[in-house]
Amino acid sequence: MASPLNPATVTAVLGPTNTGKTHYAVERMLGRSSGVIGLPLRLLAREIYDRIIAQKGAAQVALITGEEKIVPPKARYFVCTVEAMPIDRRFAFLAVDEVQLMANHERGHIFTDRVLNARGQEETLFLGAETARPVLKTLVPKIRFERRERFSTLHYDGAKKLTRLPKRSVIVAFSAAEVYAIAELIRRYRGGAAVVMGGLSPRTRNAQAEMFQNGDVDFLVATDAVGMGLNLDTDHVAFAGLTKYDGRRRRYLTPMEAGQIAGRAGRFRNDGTFGTTGDCPVMDDELVKRIENHEFEPLDYAEWRNSKLDFSTLASLVDTLHAPRPTKRLRRIKGAEDEAALERLMAIDEISQRIKVPAQVRQLWEVCQIPDFRNLTIDAHVRLLQDIYRILVKGGGRLSSAFMIQRIDRLDDTSGGVQELSARLASIRTWAYCASKSNWMPKNNLDYGKTLANHAREVEDRLSDALHASLIARFVDKRTSKLLKGIGADAYMSATIKDNGDVFVDDHLIGQLYGLTFKPDVSGSGLEAKALDAAAAKAVAPEIDRRLTSLCGGAHNIFTLSEKGEILWGGMIVGRIAPSGSVFTPDAEVIASDFANANLQNLASDRMREYLRAEVTAHLGPLKGLRDFKDQEDALPEAKGFAYTLLENNGSVERRDHLKTIQNLNQDARRQLRELGVQFGFYNVYMPEMLKPKPARLLSLLNAYGAGGDKTPFIPFAGVTSIPNEGDLQSDKFSESALALAGYRAVGTRIVRLDILNRLSLMIRQAQDQFGKIPGADTKGRPFQIMQEMLSLLGGTYEDTQKVLIALGYQSEVRESLPDLPKAEETSPEEKTPESRDNTSAEPNPEDKPAKGTAASEDADKKTSSELPKRTPKKSSGRNDLNLYNNRVHAEDGTTTEVANKEVWLTAARGQKGFKPKGSQQHRKRPHQKGFKGKPKPAYRSGGSGGSTQKGKASLKNSPFAALAALNIDGSSETDKKTSGTKSEKKKGDKKS
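Here, residues in each chain are numbered from 1, in the same order as that chain's written sequence. Only residues with pLDDT of at least 70 get local features here, since the model is predicted, and only at 80 or more are side-chain atom pairs given and counted; chain-wide, interface and lining totals rely on the full set of residues. Calculated side-chain values reflect all of the structure's heavy atoms, with hydrogen atoms and water omitted.

Some remarks on the overall build of the chain
Here comes step 1: Starting at the N terminus, helices and strands are each numbered in turn, a helix being any DSSP run of H or I of at least four residues and a strand any DSSP run of E of at least two. If you tally the helices and strands in the chain, you get 36 helices and 38 strands.
Here comes step 2: For every residue, the accessible area obtained with a 1.4 Å probe (protein chains only) is divided by the maximum for its type, and the residue is called buried under 20%, exposed over 50%, and partly exposed between those limits. Within the chain, buried positions represent 52% of all 993 residues.
Here comes step 3: Considering only residue pairs separated by 6 or more positions, the chain has 71% of its internal contacts joining residues 24 or more positions apart.
Here comes step 4: Counting every atom, the chain has about 46,300 Å² of accessible surface; 49% of that belongs to carbon and sulfur. Contact criterion: two residues are considered in contact whenever any of their non-hydrogen atoms come within 4.5 Å of each other. Computed with a 1.4 Å probe, the accessible areas rest on the Shrake-Rupley method; for each residue, only the protein chains presented here act as cover.

Right, here's the structure in full:
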């Protein structure tokens, strides 16, 4: 207590913002045995409470606000909002902050009452702006005044665009809609902003303000609540407007209000600036001058309402509320919410008629003083107050636990966005306020071991945290903000690259690194995309350079080629076949991000070019042999010409397209070509080595993606011999050259490999031979039937095989009177020749026989037909007979019956009329004409031995093939073609095929 030697003092510490008034008051309070300080905001009260706890400990500090009450038993220092100050208690020290709010039409009467009636026993401090001096001097005649100067200067910085505001700026708007719109714009162009509004819970406001204080964001968007004692480290305050709605009307800010807000800039010794932004009009010179010099009109009056109320009756309460002002410096408050609520509740007969005693009058007045946290209409607020009052009356002056728990729990929902969470928070604040009034709570108010006040506070905290997270998700791009800070600081940014390629910088996913290419994560704005690119340039570029260095020193086996012409390094795309060069000298280009080192990219490109050319050397040797053949001294001109044709067509041509050229090749030329690996097939001339999967795939890719390629290679499954002509591999989707490069040809409903087509031609000739053995069968046109082995070879159905044969030029007819084909017989292993044991290597043409076979046929040519040993037709071929394919019919009883196949296929004719098979008499005479000497004119046809006829034993006996039959050799030699009959037959066969 004060003593005569040290009497109690009342002091007003006045000055502009950033003068340390609040800090001074806290230090003075902590120097006393006890004290209380009243602050204008719950947010500021919590900040001061936390600061004092750090110095004195939680046991000595109490916090009392409208919705929160933390009062330890031995608390000495009380931090409160002005409304919640415990004025019935005695304290050595008392302080009221922002006393200029005495002129506020909503809360001014509370501040005025504290100035008139609240005193510390030893010291009283009133803190505020210089404008409050006249009113304070009138209301407290013996008050002392202290003037404090601002620690820093404040300058006007003019108007700026939102996208041009400096960092550490606070943008002030005057409605929630404006705040959200500006925050969204800041997020899009500057990375994000914190949001502070009076409607947020203190926990949410603290969390948002802390983001700005810690530097997580560089901007804060707030309402004018930021001007009332909220300490922020900001350098610039930008006004998004100069008008506000004060609960009654929209009006311009007073110079004092504008100065209070602008004064938040430049904390302590740092100078600050203020200005306008967005659609806000430019400040006039007079307003700017007043704000910079802190010169404002002094207050003429303070809002007031009588605080000494008479609760004997409702009428007495109303009369004392409207008591006249004691001095002209005071003005009776108008339009107070609690008075409006009292007036409406008194008009309800159910309520007014039941109030008989002063305690009931006091209870009704306390209900009317519940703030309208929801900011709804007065009628909606009165309905809520009516429900609360009814429960109080029914409970004997207390709210039941069931009622409170029901109201609190239904708000315990953290789903939804900013609007939904804000609405729930406003509602929970009402019940937190009620729960903080101990005289309203039931005596046994424990809910699962907790008080209802604690339960309400926990729900409010959960909603506050959810709202904070929702605000961050909506208005803050933490990743972009963090990356921009790292880029701006020019600091080393450590990147973490996961096995799946995800790239993280400081736990933020910035994109994916595929091989040497960085793909930024999906961005929602241009700023975010720029931040990601800039971060990648600093964080990912070193890793890309490391990979390029490793790639340049790697062996060939680390590279592979994809079906899209991409070069893979360890399964990752690092390059592609360049659209330049040729098949034998392909080029490569690196696929890498722009920030990869240029020199390393060039080295990597050279390394991949070496890989491609090594692949060419390893797998395209036969083609290179064709290319180098022209330089050989002993190469025959005819062989050179055809080798060049093959080279131009990448190793395969259709026989019918080059028929004349092939006819003009003599035996020596053919031998030289065979030595190069050329195979003369029935339908195509090709190189078997190039049909292997690796050479065929490489050749297809180099042609498709190299110079002039159509980027559509035909890449079937490796080793497949025949595939359906449908789906993704349908021949219509590829060019004929693409199929030929892979070693395939589209035939009907199948796409067949060239060597398989050659084997099919052999089967057809064997089937023709078997058909000729049928007694009484008409062999005109070299007929045959589809065999089971043909289906197996093509890997298709009977219908597929039919369409293949049609595509190859054969015609079919049904012969109902066709005798059954003799049952297939197999020769013993001793009777089989090497050729019959390996049927897959049998050749369709005499020129395609191995050298041994050719010599044997030449020896056989020297013998006369009379010298040939007698052989039965069954053993003449030395092969297994083929099995006829018969259709199967499934009966209803489950049995299966084979139906004899009567379909016969004929070699295509030039026309239906005058059709003559190749075995006509005029063609058989020519080899035995008198005077036939020397070499016949070379005329080797693509039909090979398949064009010769074999009609009965007489035909076999009178032809050169009898020697081969006697020697048990399948096919004929080149010398057999000296016979004009065979030549004529082959010519017809070639044209038909």
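Looking at the packing of helix α12 (residues 358–368) against helix α13 (residues 378–394)
Here comes step 1: Between α12 and α13, the shortest axis-to-axis distance is 10 Å and the interhelical angle comes to 145°. Our pair here, α12 against α13, has a crossing hand that is right-handed. Mapping the contact onto sequence places Gln360, Gln363, Leu364, Val367 and Cys368 in α12 and Leu385, Tyr389, Leu392 and Val393 in α13.
Here comes step 2: In terms of residue class, the contact of α12 with α13 is built from seven nonpolar, two polar and no charged. With axes taken as lines fitted to C-alpha atoms, and helix axes fitted only over the stretch in contact, angles between N-to-C directions fall between 0 and 180 degrees. Handedness of a crossing is defined here by the sense of rotation of the near helix relative to the far one, left-handed for an anticlockwise turn of less than a right angle and right-handed for a clockwise turn. Under this grouping Gly is polar, as are all residues other than the nonpolar Ala, Val, Leu, Ile, Met, Phe, Trp, Tyr, Cys and Pro and the charged Asp, Glu, Lys and Arg.

Let's talk about the sheet that holds strand β29 (residues 653–654)
Here comes step 1: In this scheme, strands are said to pair when DSSP sees at least two bridges between them. Across the sheet, which stays open at both edges, the three strands sit in the order β29-β31-β30 with antiparallel pairing between neighbours. Two strands bound the open sheet, and with one partner strand each, they are β29 and β30 (679–680).
Here comes step 2: Relative to strand β31 (residues 684–686), β30 runs antiparallel, the two sharing two bridges. By the bridge assignment, Gln679 is partnered in β31 with Tyr686.
Here comes step 3: Along the sheet face, helix α27 (residues 754–772) touches β30 and β31 and points at about 130° away from the line of β31.

A few points about the sheet that holds strand β32 (residues 722–724)
Here comes step 1: Read across the open sheet, the three strands follow the order β32-β34-β33; overall the sheet is antiparallel. Either end of the sheet is taken by a strand with one partner, and the two such strands are β32 and β33 (744–747). When the angles between neighbouring strand axes are averaged without regard to direction, this sheet yields 25°.
Here comes step 2: Where β32 and strand β34 (residues 750–753) come together, three bridges link them in antiparallel fashion. Note on β34: the bridge partner recorded for Ile723 is Ile751.
Here comes step 3: In the packing of α27 onto the sheet, the strands contacted are β33 and β34, and the crossing angle to β34 comes to about 90°.

Focus on the side chain of Glu903
Here comes step 1: Among the secondary structure elements, Glu903 is positioned in strand β38 (residues 903–906).
Here comes step 2: The convention is simple: Lys and Arg are positive, Asp and Glu are negative, and His and the chain ends are not counted. Salt bridge criterion: a side-chain nitrogen from Lys or Arg within 4 Å of a carboxyl oxygen from Asp or Glu. Among buried charged residues, Glu903 stands out as having no salt bridge; its nearest opposite-charge side chain is Arg815, 11 Å away.
Here comes step 3: Under this definition, polar contacts are N or O atom pairs within 3.5 Å; protein pairs additionally need one hydrogen-donor-capable and one acceptor-capable atom, and for neighbouring residues in sequence, both atoms have to be side-chain atoms. Engagement of the side chain of Glu903 in a polar contact is seen with the side chain of Gln802, the distance being 2.9 Å.
Here comes step 4: For Glu903, the residues in contact, after removing those within four places along its chain, are Phe784, Gln785, Tyr798, Gln802, Ser812, Glu813 and Val814.

A closer look at the pairing of strand β1 (residues 9–14)
Here comes step 1: Summarising burial for β1: five of the six residues are buried, a large majority.
Here comes step 2: Direction of pairing for β1 relative to strand β7 (residues 123–128): parallel, over a ladder of six bridges. Its bridge partner lying in β7, Val10 is registered against Thr124.
Here comes step 3: Pairing between β1 and strand β8 (residues 144–147): four bridges, direction parallel. Of the residues in β8, the one forming a bridge with Ala12 is Phe145.

Re the packing of aromatic side chains
Here comes step 1: Any two of the Phe, Tyr and Trp rings considered here, Trp counted by its six-membered ring, make a pair once their centres fall within 6.5 Å; the pair's planes then place it as stacked at under 30 degrees, edge-to-face at over 60, or tilted in between. Enumeration over the complete set of coordinates arrives at 12 aromatic pairs.
Here comes step 2: Ring geometry for Phe403 versus Trp431: centroids 5.5 Å apart, planes at 80°, classification edge-to-face. Taken together, the positions of Phe403 in helix α14 (residues 401–409) and Trp431 in helix α15 (residues 418–435) put the pair 28 residues apart, joining distant regions of the chain. Each member of the pair, Phe403 as well as Trp431, carries the same accessibility label: buried.
Here comes step 3: When the centroid spacing of 4.9 Å and the interplanar angle of 75° are considered together, the rings of Phe682 and Tyr683 count as edge-to-face. When sorted by exposure, Phe682 lands in the same class as Tyr683, which is buried.
Here comes step 4: A connected cluster of aromatic rings, assembled from ring pairs, spans Phe714, Phe734 and Tyr744.
Here comes step 5: The ring of Tyr24 carries Arg148 above its face, with NZ or CZ at 4.6 Å from the centroid. Note on geometry: a ring has a charge over it if NZ (lysine) or CZ (arginine) is within 6 Å of the ring centre and within 35 degrees of the ring normal.

Describing the environment of Leu882
Here comes step 1: In this structure, Leu882 sits in the loop between α32 (873–876) and β36 (887–890).
Here comes step 2: On a C-alpha basis, the gap between Leu882 and Gln770 in space is 7.9 Å, while along the polypeptide they are 112 residues apart.

A word on the pattern of salt bridges
Here comes step 1: Tallying each qualifying case throughout the model produces 44 salt bridges.
Here comes step 2: For Arg457, the salt bridge goes to Glu68, with nearest N and O atoms at 3.9 Å. Of this pair, Arg457 sits in helix α16 (residues 452–475) while Glu68 sits in the loop between β3 (61–64) and β4 (69–70), placing them 389 residues apart in sequence. The same class applies to Arg457 as to Glu68, namely buried.

Some points on the confidence of the model for the chain
Here comes step 1: Confidence scores per residue from the predictor, reported as pLDDT, run from 0 to 100. The pLDDT averaged across the chain works out to 81; a share of 80% of its residues lies at or above 70.
Here comes step 2: Contacts for the low-pLDDT stretch residues 826–877, under 50 throughout, to residues beyond four places or in other chains number 101 contacts.
Here comes step 3: Under a pLDDT of 50 for its full length, residues 910–993 has, in the predicted model, 172 contacts with residues more than four places off or in other chains.

Focus on the environment of Asp310
Here comes step 1: Mapped onto the fold, Asp310 is located in the loop between β17 (302–304) and α9 (314–321).
Here comes step 2: For Asp310, a relative accessible area of 32% puts it in the partly exposed group.
Here comes step 3: In sequence terms Asp310 and Val361 are 51 residues apart; their C-alpha atoms lie 9.3 Å from each other.
Here comes step 4: With near-sequence residues (within four places) excluded, Asp310 lies in contact with Ser316, Leu317 and Thr320.

A look at the nonpolar core
Here comes step 1: Buried Ala, Val, Leu, Ile, Met, Phe, Trp, Tyr and Cys residues that are joined via side-chain atoms within 4.5 Å together make up what is termed a nonpolar core. Ranked by size, the top nonpolar core spans 64 residues in total, and within it Ile171, Leu364, Ile388, Leu399, Met404, Trp431 and Trp440 carry the most contacts.
Here comes step 2: With residues up to four places along the chain from it excluded, the contact list for Leu399 reads Ile388, Ile391, Leu392, Met404, Cys434, Trp440, Met441 and Pro442.
Here comes step 3: With 57 residues, the next largest nonpolar core counts Leu620, Leu626, Tyr705 and Leu741 among its residues.

Quick look at the packing of α14 against α15
Here comes step 1: Look at α14 against α15: their axes get within 9 Å of each other, and the N-to-C directions meet at 150°. Viewed along their axes, α14 and α15 adopt a mutual orientation that is roughly antiparallel. Remark: the crossing between α14 and α15 carries left-handed chirality. Of the residues in α15, those touching α14 at Phe403, Met404, Arg407 and Ile408 are Ile428, Trp431, Cys434 and Ala435.
Here comes step 2: Class assignment of the residues belonging to the contact of α14 with α15 gives a composition of seven nonpolar, no polar and one charged. Put simply, angles under 35 degrees are roughly parallel, angles over 145 are roughly antiparallel, angles from 65 to 115 are roughly perpendicular, and the rest are oblique.

What to know about unusual backbone geometry
Here comes step 1: The phi angle at Glu98 is positive, at roughly 60°, despite the residue not being glycine.
Here comes step 2: When you line up the elements, Glu98 lands in the loop between β6 (93–96) and α3 (108–117).
Here comes step 3: Phi is positive for Asn375, close to 55°, though the residue is something other than glycine.
Here comes step 4: By the secondary structure assignment, Asn375 is in the loop between α12 and α13.
Here comes step 5: Given the relative accessible area of 64%, Asn375 is considered exposed.

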